[in-house]
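Examining the three-dimensional arrangement
Each chain, letter by letter, is given below.
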Amino acid sequence: MSWKASLSRHLNVVRFFACPKSPSSRGVIGWYSKNYEELKQLNPTMPLLLRCADNAMPAITTELDFTTEHLLKYMLQYDKFKSEARADAAKKYLGY
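So, here is what we can say about the structure in this document.

Here is what the cut-offs are and how they apply
Residues numbered from 1 in each chain as written. Predicted model: local features only at pLDDT ≥ 70, side-chain atom pairs only at ≥ 80, totals over all residues. Heavy atoms only, no water. Pairing = 2+ DSSP bridges. Helix = DSSP H or I, 4+ residues; strand = E, 2+ residues; numbered from the N terminus. Axes fitted to C-alpha atoms, helices over the stretch in contact; angles between N-to-C directions. Contact = heavy atoms within 4.5 Å.

Moving on to the sheet that holds strand β2 (residues 48-52). Pairing in this open sheet of 3 strands is mixed, and the strands run β2-β1-β3 from one edge to the other. The sheet is open, and its two edges are formed by β2 and β3 (59-62), each paired on a single side. Taking each pair of neighbouring strands and ignoring which way they run, the sheet shows an average axis angle of 20°. Pairing analysis gives 5 bridges linking strand β1 (residues 14-18) to β2, with the strands arranged parallel. Bridged to Phe-17 within β2 is Arg-51. In the packing of helix α2 (residues 26-42) onto the sheet, contacts are made with β1, β2 and β3, and the angle to β2 comes to roughly 155°.

On their own, these measurements won't tell you what the molecule is for.
As structure tokens, then:
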């Protein structure tokens, strides 16, 4: 299965930002224009939003269903804290 077909299972919305006059935004606008129809057919309920404004930095953003608890559990599981004090504070926050 294509990543494009499974996009709506993982993301709620995808937002594209670009400046219509800026050469740096041509890639974002071009990709959006080229792929919009296919993405919409494969993900009919997912919003694909293009926002154009003067002097806008080209960007692609989304929203994730990822809470502080998810992040702390991940960081504890994979030993991502740089100090033991921070790891202890995360454990205390999570009630471990």
